[in-house]
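Coordinate inspection notes
Chain by chain, the residues run as shown.
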Amino acid sequence: MSTTVANPKSLQKRQKQIARWEKKLNYKGKNFYLIYIIFIITLIYATDEIASQINTLMKTEIANDLMASFGQSSVGMLNLASSLAIPFQVLGLFYRPLADRFGRKTFLVINTFGMSIALISIFLSNNLIMYLLGACMIQFFVPHDMHVVYIMETSPPKHRARIYSSIKFVANMSVMLVPLLRRWLMTQASEWRAVYFIPALIGLVVSFIALLLAREPEVFVQSKLRQLRMTDEERAEEKRKKDAENAQGGLFTALKFALKHKQLRWLFITATFLNLGFIFSIDYQVIMSYGYAESLFGNFSESAMNAVSTGPVSTALFLFPVGCAVSQVIMGFISDGIGRKAAAITTATNCLASFILFWVGSRYNWNPLLVGFFCGASVGSFYSVNDVIIMMVGESAPTNLRSSAMSAEFIIVALGYGISMGAGFLSGILLGSEYIGTVAMILLVPGFVAGLGMLIKKTHDTKNINLDTVTGTEWD
């Protein structure tokens, strides 16, 4: 039996890498790290939530300003123009797995800084091109969700979902800054750009704090050290058990792995059906605005839309983050108390019911605060059920493929996105922006009914999974 002799230069390089990763593992203040990393991640999550929601919360005003020549189809045309961001989302799928190779912290900082620069770009925009540049940047950085990976890999397993939901609660409540700024800075709908500056400034400060204080998650550092300490014989054995790419992750490696194993495969398919209603999650403010314009004025004139923008819509949006936050907290406590699967089923059901109430309420002039709460509950539950599923994906994948598997999910889920966005775009352009709510209703209801059936019958709970030992084959 032959023994491979290690190359001295390669061995020396490996020893330096081991020393570097061991230094990351043995740092001062370790006993208090969980406390301040939760603080940092909460601030970053708040920045992420504001960046991901602000364009939607301002969409009617943006569309009527930048796309005014298209009249009632302005939202549809803005959505069509915003589809230029899709290549950036696709590019982000290849960007996200880099965290499995080079570490989590770098991308935590870059993403937060990038989102902030995107918000500044929109604040400074004076035309559609500048606005789209900022929107494309947001769509590149927001889906990366490195803060979610941090929560998963840093939190104690038995409290993981509670910590996640508590952080998400604060992050959701921070979105209340947007309607507050609408009331403070928007005397006319055309002054929408001013709302972007303060969130951008907050994001820049948060990215600097993360650069100074955040560290690599311990479970990730241990995984890197385990790979580096392998002997040549152990490495050869590892290659015989899995593809060579697996040790460092990889988008297509993770996708191939997921489709071979039942748990990950059905989680991907379930998420695809749930996201048939995606158009509602990016056009809820439009649905609300046109619903109130019709119920209060019976038309969609410029004066009617300006009146609802500075009136009932801004009022409703104050309780939007409350509805989001409450739905997220419910998810977290059910997830840790009963299980991930129970949380996914509960939040999917809540999304379905809340959306119907929000849709009816805005069309029949219910109290704006009530409509805002139902709107927030439906949107919060929509993202919550997706968050639970992505958490289940992460907990159903081995460490060396975890970030890559969470990214690979979007390749399959893109089918649901595509159908939803395509229908929304066409209805907005051909029929008018006031019909987007009806299209969202037609897509979301059957999609969620099908998704609930799959959650109940085809997926398995991942509560208390050991992230160090999970292989992804446990449910085959």
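Right above here is the structure, for reference.
Residues numbered from 1 in each chain as written. Predicted model: local features only at pLDDT ≥ 70, side-chain atom pairs only at ≥ 80, totals over all residues. Heavy atoms only, no water.

Concerning the overall build of the chain
Scanning the chain for helices and strands turns up 23 helices and zero strands. Considering only C-alpha atoms, the chain reaches an extent of 85 × 45 × 35 Å along its principal axes. For the chain, the residues scored as buried account for 56% of the 476 residues in total. A separation of at least 24 residues holds for 83% of the contacts in the chain among residues at least 6 apart in sequence. Summed over its atoms, the accessible surface of the chain is roughly 19,400 Å², and 66% of this surface lies on carbon and sulfur atoms. On the chain, the mean spot of the 41 positive side-chain charges and the mean spot of the 30 negative ones are 7 Å from each other. (Helix = DSSP H or I, 4+ residues; strand = E, 2+ residues; numbered from the N terminus. Buried < 20%, exposed > 50% of the residue type's maximum accessible area, 1.4 Å probe, protein only. Contact = heavy atoms within 4.5 Å. Areas by Shrake-Rupley, 256 points an atom, 1.4 Å probe, with all protein chains shown as cover. Lys, Arg positive; Asp, Glu negative; His and termini not counted. Charge placed at Lys NZ, Arg CZ, Asp CG, Glu CD.)

Some words on the packing of aromatic side chains
Inspection of the entire model under this criterion finds 13 aromatic pairs. Ring geometry for Tyr131 against Trp192: centres 6.2 Å apart, planes inclined by 85 degrees, an arrangement best described as edge-to-face. Taken together, the residues Tyr131 in helix α8 (residues 128-141) and Trp192 in the loop between α11 (177-185) and α12 (197-213) connect sequence positions 61 residues apart. We note that Tyr131, like Trp192, is buried. Plain terms: the ring middles of Trp192 and Tyr196 are 6.0 Å apart, the flat faces sit at 75 degrees to each other, and that makes the pair edge-to-face. For the pair Trp192 and Tyr196, one class covers both residues: buried. Connected via pairs of aromatic rings, a cluster forms that spans Phe280, Phe355, Phe358, Phe382, Tyr383 and Phe448. (Phe/Tyr/Trp six-rings, centres within 6.5 Å; stacked < 30°, edge-to-face > 60°.)

Some remarks on the nonpolar core
Most often, soluble globular proteins keep nonpolar side chains buried together rather than apart. Judged by nonpolar contacts, the single largest core of 127 residues is most densely connected at Tyr131 and Phe280. If you tally residues by element for this core, the top one is helix α21 (residues 368-395), at 12 residues. Formed by seven residues, the second largest nonpolar core is a distinct cluster that contains Ile18, Phe220, Val221 and Leu225. (Core = buried A, V, L, I, M, F, W, Y, C linked by side-chain atoms within 4.5 Å.)

These figures capture arrangement, not role.
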